[in-house]
Amino acid sequence: MNTASDVLTHLEEQRAEVVAMARDFATREIVPHAAEWDREARFPVETMKRLADLGFFGMLIPEEYDGLGLDLLTYLMVLEEIAVADAGVAVSLSIHNSLAAGMILAQGSDEQRSRWLKPMARGDVLAAFSLSEPDSGSDAASLSTRAERSGTQWVLNGMKAWVTNGDVADLIIVMARSGVSDTPPGARGISAFLLPRRTPGVTPGKPEDKMGLRASHTTTLALTDVRLGAEALLGKEGVGFAYALAGLDRGRLGIAAQAVGISRAALDHAVRYVSERKQFDTPIREFQAIQFRLADMATRVAAARSLLHEAARGGVPNAPANAQASMAKLFASETAMWVTTHAVQIFGGYGYMRDYPVERLFRDAKVTEIYEGTSEIQRMVIGRALGNG
Ligand code: COS
């Protein structure tokens, strides 16, 4: 009979194996190309296929649907490894795994799970998530895309914004206000729909010309008389906003893992550079100003990772359960911005040049403080949870 400690040992061995596989793949197949993908704003189709072959499109999908069925912590550690190499690739994977697959697993009917999860796990279907609109960002419940009933069908009209994987996804989970004039404003009345991207009337915009995360594509999505069958409704009508926020709780852990990966990469580059770079006839690592800066960087990266891992286990001490993902995302993303800023400073003039990787990491870090909820929204979520706790 297996004891609890046998099970734990097995889980830890499996975790170490999967994380090592991710690190190895990222080092060999992503790191050498990341600068080029950034320069050319190229979504790396072939590399995504190889990631799918490793099972990384089905990390949280149970084995019965052909997924790897990883636990949340292992999944986040894999994302960190991918983000060390390229944070753009990491976010494409995070949206697919945490948000899209997570929402179908949590709210999908048996039919919807069978229809979508297997092809998603195999990598035949890449998925996206679409909540924001040009005029609806932090105030997500103000969205105005409509889903109206027409017989047994739904007809969607509206404009969505900032959709990661928007032009390359096969399936998009879209939030729209259902019903017509009787729909109340705000969170109530929003529903979630499973929208195949090639449905007539779906038009992704051209990829946005972004500051960072340029290997991932972000687009608008124009919806014009898009007809969907009744089977496209995910979960219950009118509860889509709560599903989206629950999805974002998982998604925000993914962004925290991405931010830890960016920070770790910046720290690694800085540590190597200070041994090579000499000023005043001395490797700059000998200077205490540099040592203290690196010490603070390393400490913050370790703290961000620890908080993330505690949040993934749902066990941040003395923290309300519904604020843990926000805490991890807030701290990890602000750490990423802080650590990359200091990495650029250590590199001096070279750090400001596109030839050096810390410049890209600095640009990549910024959006982690913005998307899947700005730092201000995370503070609001944490503050409200404290008030209720
Ligand atoms: N999980 C599940 N349900 C949740 C939830 C969560 N984490 N947080 C809130 N809900 C539910 C609430 O219980 C409420 O349901 P009831 O009306 O049935 O009680 C409903 O969702 C609305 O919640 P709330 O009243 O808190 O909504 P607000 O309009 O005040 O918005 C914020 C809450 C601001 C936190 C939300 O709009 C938000 O997270 N905004 C940022 C959006 C974002 O991250 N966008 C990025 C998208 S990816 S680029």
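Residues numbered from 1 in each chain as written. Predicted model: local features only at pLDDT ≥ 70, side-chain atom pairs only at ≥ 80, totals over all residues. Heavy atoms only, no water.

(A) Up close: the environment of Arg293. You can see Arg293 is positioned in helix α8 (residues 288-312). Distance from Arg293 to Leu76, taken between C-alpha atoms, is 27 Å for residues 217 residues apart in sequence. Setting aside chain neighbours within four positions, we find Arg293 in contact with His342, Gln345 and Ile346. Within the local environment of Arg293, its side chain forms a polar contact with the side chain of His342, the two groups lying 2.7 Å apart. (Helix = DSSP H or I, 4+ residues; strand = E, 2+ residues; numbered from the N terminus. Contact = heavy atoms within 4.5 Å. Polar contact = N/O pair within 3.5 Å; in protein donor to acceptor, adjacent residues only side chain to side chain.)

(B) Region of interest: the pairing of strand β7 (residues 218-228). As defined by bridge partners, strand β3 (residues 153-164) adjoins β7 across eight bridges and the pair is classed as antiparallel. Bridge pairing in β7 places Thr164 opposite Thr218. Bridge count for strand β6 (residues 202-204) against β7 is three bridges, and the pairing is antiparallel. Its bridge partner being in β7, Val202 is matched across the sheet by Leu223. (Pairing = 2+ DSSP bridges.)

(C) The nonpolar core, seen in detail. Leu51, Met120, Phe129, Ile173, Met175 and Ile346 are the most contacted members of the largest nonpolar core, which totals 102 residues. The greatest single-element share of this core, amounting to 17 residues, is contributed by helix α7 (residues 240-276). Residue contacts for Phe129: discarding those within four places in its chain leaves Ile95, Leu99, Met103, Val163, Ile173, Met175, Ala244 and Leu248. In terms of nonpolar packing, the next biggest core, distinct from the first, is built from 18 residues, Ala169, Leu221, Leu223 and Leu233 among them. (Core = buried A, V, L, I, M, F, W, Y, C linked by side-chain atoms within 4.5 Å. Buried < 20%, exposed > 50% of the residue type's maximum accessible area, 1.4 Å probe, protein only.)

(D) Spatial organisation of the domain arrangement of the chain. Each assigned domain of the chain is listed here: domain 1 (4-126), domain 2 (129-238) and domain 3 (242-387). Relative to domain 3, the C-alpha centre of domain 1 lies at a distance of 21 Å. Listed by partner, the interface residues are 25 residues for domain 1 and 26 residues for domain 3. Our enumeration of links across domain 1 and domain 3 arrives at four salt bridges. Residue Glu80 pairs with Arg305 through a salt bridge whose shortest N-O separation is 2.9 Å. Linking domain 1 with domain 3 are seven residue pairs in polar contact (both at pLDDT 80 or more), by the criterion used here. At the level of elements, α2 (34-40), α4 (72-85) and α5 (87-107) are the ones that each hand at least two residues to the side of domain 1 that touches domain 3. (Domains from an automatic or database assignment. Salt bridge = Lys/Arg side-chain N within 4 Å of Asp/Glu carboxyl O.)

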